[in-house]
Amino acid sequence: MNANEHGVGDDAARLPGGRLALALTAVWGAITFVPPLFARELGFEVFGLPFALWVAAQGAPIVYVLLVWICERRSPDFESSPGDDGDGH
Amino acid sequence: MAMATEPIAPRSDTAQGAWRAVLRRRYALYLLALAAFTSVMLVLERVGLPRVWIATLFLLLPVALYASIGWACRTSNPMQYFVAGRSVPAVYNGMAIGADWMSVASYMGLTGLLYTYGYGGMAFVLGWTGGFCLIAFFIAPYLRKAGLFTIPDFLGARYGGQLPRLIGLIVTSICSLMYVVAQIYGIGLITSRLTGFGFEMGIFVGLGGMLVCSFVGGMRAVTWTQVAQYLILLIAFIALAVWFAFKQTGVWLPQAAMGQQLQQVTQRERELVADPREQQVVAHYRREAERHIERLRDVDAALALERKAAKQHLDQVAQSSDLGEVRAARKALQALPKDAPTAREEWTRARDDMLARAQPLGGLLPQAQPFAGDPDGDAAARERFQVSRTEFLALMFCLIAGTAGMPHLLARFYTTPTVRDARRSVTWALLFIVLLYISAPSLAFALKHEVLHAVVGLHFEDLPRWIFDWSKLYPTLVSVHDVNGDGVLQLGELRIASDVLVLAAPEIGGMPFVLSCLVAAGGLAAALSTADGLLLTTANALSHDLFFKVMRRDAPLTTQVAFSKVALLLVAVIAAYITLQRPSGIVSLITPVFSIAAATIFPALLLGVVWRRANYWGIVAGMSVGALTTLLYMLMQGGPLHWAVLGAPRERWLHIPPEAAGVLGLPAALLSAVVVSLLTPQDRAAQAWVATLQHGGPHSLPQRDV
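All values reported here derive from a predicted model rather than from experimental measurement.

A.B. asks: Can you lay out the pattern of salt bridges for me, pointing to particular residues and giving the numbers?
C.D. replies: On inspection of all chains with the given rule, the structure shows 15 salt bridges over all chains. In this structure, Arg268 of chain B and Glu271 of chain B form a salt bridge, with 3.0 Å as the shortest nitrogen-oxygen distance. Of this pair, Arg268 of chain B and Glu271 of chain B both sit in helix H10 (residues 254–274), separated by three residues, roughly a single helical turn. Residue Arg268 of chain B is classed as buried on the basis of its relative accessible area, which comes to 16%. A salt bridge links Arg297 of chain B to Glu294 of chain B; its shortest N-O distance comes to 2.7 Å. In this pair, Arg297 of chain B and Glu294 of chain B both sit in helix H11 (residues 276–297), three residues apart, roughly one turn of the helix. Note on Arg297 of chain B: relative accessible area 60%, which makes it exposed. Connected through salt bridges with shared partners, the residues Glu72 of chain A together with Asp421 and Arg424 of chain B form a single ionic network.

A.B. asks: Which residues make up the confidence of the model for chain B, and what are the values?
C.D. replies: All names here are of chain B. On average, residues of chain B score 86 in pLDDT, and 94% of them are at 70 or above. At the low end of the mean pLDDT range in chain B sits helix H13 (residues 323–335), at 80; at the high end sits helix H26 (residues 662–679), at 94. The model gives residues 1–9 a pLDDT under 50, and that stretch makes 27 contacts with residues more than four places away or in other chains.

A.B. asks: Explain a nonpolar patch on the surface to me, using residue names and the numbers behind them.
C.D. replies: A surface patch of nonpolar side chains, about 360 Å² in accessible area, is lined by Ile62, Leu66, Trp69 and Ile70 of chain A. Mapped onto the elements of the fold, Ile62 of chain A is located in helix H3 (residues 51–74).

A.B. asks: Which residues make up the packing of aromatic side chains, and what values do they have?
C.D. replies: All names here are of chain B. For the structure on display, the rule yields 27 aromatic pairs over all chains. With a centroid separation of 5.7 Å and 90° between ring planes, the pair formed by Trp19 and Trp224 is classed as edge-to-face. Of this pair, Trp19 sits in helix H1 (residues 13–47) while Trp224 sits in helix H9 (residues 199–249), and the two are 205 residues apart along the sequence. Taking the relative accessible area as the measure of exposure, Trp19 reaches 21% and is therefore partly exposed. With a relative accessible area of 8%, Trp224 lands in the buried category. Geometrically, the ring pair formed by Trp128 and Phe594 is tilted, given 5.8 Å between the ring centres and 40° between the ring planes. A residue pair is termed long-range when its members are at least 10 positions apart, and Trp128 in helix H6 (residues 122–146) and Phe594 in helix H23 (residues 586–599) qualify at 466 residues. This pair shows no difference in class: Trp128 is buried, exactly as Phe594 is. Feature note: the residues Trp101, Phe124, Trp128, Phe132, Tyr179 and Phe594 constitute an aromatic cluster, connected by ring pairs. Of note, Arg86 hangs over the ring of Phe149, and the distance from its end group to the ring centre comes to 5.6 Å.

Conventions used here
- Residues numbered from 1 in each chain as written.
- Chains lettered and ligands numbered in written order.
- Predicted model: local features only at pLDDT ≥ 70, side-chain atom pairs only at ≥ 80, totals over all residues.
- Heavy atoms only, no water.
- Salt bridge = Lys/Arg side-chain N within 4 Å of Asp/Glu carboxyl O.
- Helix = DSSP H or I, 4+ residues; strand = E, 2+ residues; numbered from the N terminus.
- Buried < 20%, exposed > 50% of the residue type's maximum accessible area, 1.4 Å probe, protein only.
- pLDDT = per-residue confidence, 0-100.
- Contact = heavy atoms within 4.5 Å.
- Patch = residues over 30% accessible without salt bridge, like charges linked within 9 Å, V, L, I, M, F, W, Y side chains within 5 Å.
- Areas by Shrake-Rupley, 256 points an atom, 1.4 Å probe, with all protein chains shown as cover.
- Phe/Tyr/Trp six-rings, centres within 6.5 Å; stacked < 30°, edge-to-face > 60°.
- Lys NZ or Arg CZ within 6 Å of the ring centre and 35° of its normal.

So, in structure tokens, the structure goes:
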């Protein structure tokens, strides 16, 4: 296939585990950017804290760990590489 | 080329298992020793060992320990020196990344930001953790698969030629240098507060400990020291958060205590806003601000007037015989700004300072309220809200992308045995980092709670000792001033620079002195570990990418190691020299670094991995445009990097603060990289290289050294 024919998004999806990575990126983007955008509106309480504040202080960091963990567990294995057998490149 | 001369990574599963068992034993022993040492010190404090002794032991022994780990790991083997033999198991690489990542900015700066800016500080929590997701999804596994030595090395291999490597090298050096200055500044603060050493002496002791480590053992020594440093910094920080949580709410878990702490803080904030004596203080600052505004209307006239008044006063007192009075009058005359531009600068700064203080709660935002201003208020309040929210989002964006492009962090992913281990080490690293980051808000609330309930409202003669100790040492960082003359401390009369809050926290909470030392030792570990990683990254890039790949292609690898050691010394000395000029604060030094990395290294790596069509000229254009956009915006906008040649600070564009210039730089970089790549011929060799990087099996990555 001619690499010229597809753009950045197509290429990213073609990475090993690329679709998963894009899906996880979407979840990541939502939890990162939506609560700060509507921080005043999302003022209802969770564990005694306003929701947007709780997301930033605890929710989002914990979700990040989960997302990275899912990515690690579900991504296909691809092994490497020059250098790791001690021969250099 | 033959690279290894001594056995490096244990390859087989049994060897790996034995290697892990050794590591587990060693670090368990280390933790036991740490616990024993702290207990002995607690006993000695009870018995009455002078504080200076306890503090000195607490700072020197860990530094000696780090230095001996470094010495035990000394090596001249290039594979060990540059990438720790690619033998670091994922969990330990996770801890090393944790220590590498969490610098004084996370350890001391973050809690202070959350205390000072409330929700605004969350941009740092989200930015400094969120970036790891991008690293995990798109960067770390591919870096490890490429199996190279430095980040500029990856750019050189991916895009070919010399320019991408060189631009990467320049950016890496600038970022690391500014970052390391912040660490050394932190080291100076910690040592000068706790021991009798001055700021300068503290810097050199810290620098010594740091150099022994990275100088003799490179990445191998730095890795194993960082694991030890991670453990001490995490334990100290968590101990602090747990102590306050239990003391204030009776709940051990800081994350569970947060809600109750915040509610009590909010309650007290309401009382203080309504307090007439706090309002007197606000009115005083407003009058001061207006005085400066009046002066700034006609700087020349105001300056002439003041000079005349000061001269008259001097002439008057010159007749009297009181020498002290004459000296004071002469000093007052000399203290006036030299010329009109200096006067304008000084008075503008004073005006902004006073305007910031002339707010309820001494200029601190209510802890629970996201953003300043009010979206439903009058035009000014709506504007303030918009600005505050835009600043938050812009800053967070830069911190995220900057994290995913931070060279000293990314270089650590070369050190794992396999690609899978690189992926695993991101998960571990993020987990280890998040442990501290989700405790920091609780600690910030706790400190606010303590200050509002236990300090504000005291009579000046009853103020706790820490206020005097700190304000004597650093009057610019901590000060109290009875503005309304009622003999009682109002919140508006207390200034605490956010950088010192965590260090002062044990004293604020009335803990044993040993805990102050442990917290300081944790801060020192955070500073040293990050500084080590930064120095090594810069030195390796200078040695491997400039000396070896560009200047002397025939140099043997052992010469590269020697060259890296020389570069290391040089960078350390330059950084120490800059720090001695007393920079303005930890976070204001570090944020611009993230913007620069976000606009250069991050797009180059991301496009390099996900878009095969990206080519040499595309990335040269992208990185240059990104760097120029970011730097120009910062230099024109004022802030710590403002460059006077470009004239007075301009109006902000779209409310973007100068330190978040990466929010303009990154799109500019991506756009120009894509456009130029499409306009210039395809690079088949590069495309084949990326295809192998993305899909190929082992050992098939073609050599692309040009």
